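Each chain, letter by letter, is given below.
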Amino acid sequence: MIAALILSALVLSVAMTIVAYMTWLERKVAARFQNRIGPYHVGAPHGWLQPLADIMKLIVKEDITPRAADRVLFNLGPVLVVVPALLGFAFIPIGPGLAVANHAYSFPFFLALASLTLLGVFAAGWSSNNKYALLSALRLVALVASYEIPMILALLVPAVLSGSLSLSGIVEAQRGLWFAATPVIGQLSLLLFLVCALAEGNKSPLDLLEAESELVAAYNVEYSGIKFALFYAGEYAHTLAMCTLAATVFFGGYLGPAFLPGFVWLLLKSVVLFVGVLWIRWSLMRVRIDQALRLNWLVLFPVALVNVFLAAFWAAGR
Amino acid sequence: MASASAIFLGTLKAMGTTLRNAFRRSTTLRYPKEKRPLPARWRGGSFALTFDPGTGEENCIGCRLCEYICPSEIIAVTLRKGEARANGIGATYCDVFTLDYQACMQCELCIQVCPTDAIVMTRALSPATRTREGLFLSKERLMDNGRRLLEETSLASEATGTKLREWTKPEGAA
């Protein structure tokens, strides 16, 4: 009991620290891609204290609740975004048989929790009583609800290949070969998952909900101060959860040469995947909503279906 | 399907472009420590009224050409008649010479028309101040700038009225 509490506190604090430093990493990587320096002056080597300064600033800022907003939902929104995104880390195995919640069906649980952030975003967009926030939230629901289908189909492939629905079982099944290295099926499902994860995590080119020219900013226009910071943290936590999930089910999670402990391997793989996401994000421009949905229903969905069938044949023929 | 492959190839191309840029040198300068070298004809600086270093006579003859040409209408000059100068550029002087730098758009027209190279721009970064008065250049301040130009010759912009007219003269013109 005590051990479980300590473990969960550790995982939570490590996850939150990484989330804070992801904002710094994103600004640094974006600056590199645009021949800039990025945060530099807060903290001696390359502004490494910048996340701390940002958090301090956002805490000190005024916390405004619009008069016409639905107070309960308005205050619940940020919490509903952050909590499910962080809860997902409970299911990620950080060592052989070691996870905060080691469950036989941890994979579906993780996905269900990851989808729950949608509720928080919609609550925020609806309760703000602002037309832009509402439109942005509606767009997000349309986009994420459609991209969920090819994403789950793509994630079925590791489950089918390993014959297990627990994340630990999926990692253990990759002792011989990572699922990302399975010919054709592995790469295809990884690609499908990455595209869908971009849409799920609201990252460009599929970050339709924050089209500044049409929607001012996003569902969080009316939020300020610490509540805005929570949304921001929730978005990054969600992206980190998706990267960690990809590292777990496609790149062998905590498996790696023994000179580093398992959780360090998991962390390294997740950060490398996050930099890949940033690379895509800062290379491509935002697509239109109809283009995004057409890509989903006419390309990703059929390809994902065929891919699951191929994986089933592959697993049955082994 | 053709469009899907086009999207895929376009994505790879875009990512190649960002990757190439990621390994280029950063163009950012950490401003107060590092400064970009200013061009010889830099126009972003302040203004100065020059005078003859030998006799100390001011060069402005109060002809008001700069006042007439200024598109922002920020220069005001009044004429005063006085003693003839020793260097023979006339017996008229400017009494009041004001330039409201707040609305200046650095077009350099006043310098182009000045017949005696009296008004010039300085090669320093624009002086930032906290007040409107700080950007209001009276004749005294302009003359002070002129004195600084004599001390620090690197501050003087290469462009003066005579040179600008020479540079822009059409070929074969008298």
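Bear in mind that the values here come from a model prediction, so they are computed numbers and not experimental data.

What counts, and where the lines are drawn
Residues numbered from 1 in each chain as written. Chains lettered and ligands numbered in written order. Predicted model: local features only at pLDDT ≥ 70, side-chain atom pairs only at ≥ 80, totals over all residues. Heavy atoms only, no water. Helix = DSSP H or I, 4+ residues; strand = E, 2+ residues; numbered from the N terminus. Rg over C-alpha atoms; globule rule 2.2 N^0.38 Å. Buried < 20%, exposed > 50% of the residue type's maximum accessible area, 1.4 Å probe, protein only. pLDDT = per-residue confidence, 0-100. Contact = heavy atoms within 4.5 Å. Buried area = accessible area lost by both parts, 1.4 Å probe. Polar contact = N/O pair within 3.5 Å; in protein donor to acceptor, adjacent residues only side chain to side chain. Nonpolar A, V, L, I, M, F, W, Y, C, P; charged D, E, K, R; others polar. Expected span 1.5 Å × (residues − 1). Core = buried A, V, L, I, M, F, W, Y, C linked by side-chain atoms within 4.5 Å. Patch = residues over 30% accessible without salt bridge, like charges linked within 9 Å, V, L, I, M, F, W, Y side chains within 5 Å. Areas by Shrake-Rupley, 256 points an atom, 1.4 Å probe, with all protein chains shown as cover. Salt bridge = Lys/Arg side-chain N within 4 Å of Asp/Glu carboxyl O.

A few words on the overall build of chain A. For chain A, the helix and strand inventory stands at eleven helices and zero strands. Its C-alpha atoms give chain A a radius of gyration of 20 Å, near enough to 20 Å, the size a compact globule of 318 residues would have. If one aligns the C-alpha atoms of chain A with their principal axes, the spans along those axes are about 60 × 45 × 45 Å. Taking all 318 residues of chain A together, 50% fall into the buried category.

Another aspect to go through is the confidence of the model for chain A. Residues of chain A with pLDDT of at least 70 account for 100%, and the chain-wide mean is 86. Taken element by element, the predicted model of chain A shows its lowest mean pLDDT in helix 8 (residues 212-215) of chain A (73) and its highest in helix 2 (residues 50-60) of chain A (89).

In this assembly, 14 residues from chain A lie in contact with 17 residues from chain B. For the chain A and chain B pair, buried surface summed over both sides reaches about 1500 Å², with 66% attributable to carbon and sulfur atoms. The largest contributions to the chain A side of the interface with chain B come from A:Asn35, A:Ile37 and A:Trp279, which together make up 37% of the buried area. The interface formed by chain A and chain B holds eight residue pairs in polar contact (both at pLDDT 80 or more) in total. Breaking the side of chain A that touches chain B down by element, the ones donating at least two residues are helix 1 (2-33), helix 10 (262-281) and helix 11 (289-317) of chain A. For the side of chain A that touches chain B, the residue count by class is ten nonpolar, two polar and two charged.

What follows covers helix 1 of chain A. Spanning 32 residues, helix 1 of chain A covers 46 Å between terminal C-alpha atoms, matching the ideal 46 Å at 1.5 Å per step. Remark: A:Asn35 follows helix 1 of chain A within two positions and exhibits a positive phi of approximately 60°.

Before going further, it helps to examine unusual backbone geometry. Of note in this structure, A:Asn129 is not a glycine but carries a positive phi near 60°. Relative to the helices and strands, A:Asn129 is located in the loop between helix 4 (106-127) and helix 5 (131-162). Even without a glycine there, the phi angle at B:Asp117 is positive, about 55°. Note on placement: B:Asp117 falls in the loop between helix 3 (109-113) and strand 4 (119-121).

Another aspect to go through is the nonpolar core. Counting 67 residues, the largest nonpolar core has A:Phe107, A:Leu155, A:Phe193, A:Leu245 and A:Phe250 as the members making the most contacts within it. No other element matches helix 9 (residues 225-250) of chain A, which puts twelve residues into this core. In terms of nonpolar packing, the next biggest core, distinct from the first, is built from 25 residues, B:Ile74, B:Val77, B:Cys94 and B:Ala118 among them.

Our focus in this paragraph is a nonpolar patch on the surface. Among the surface-exposed residues, A:Met1, A:Ile2, A:Leu5, A:Ile6, A:Leu10 and A:Val14 lie close enough to one another that they form a single nonpolar patch of about 660 Å² accessible area. Locating A:Ile6 in the fold gives a position in helix 1.

Let us look at the environment of B:Leu135. Tracing the backbone through its elements, the reader meets B:Leu135 in the loop between strand 4 and strand 5 (136-137). Setting aside chain neighbours within four positions, we find B:Leu135 in contact with B:Leu99, B:Asp100, B:Tyr101, B:Gln102, B:Pro127, B:Thr129 and B:Arg141.

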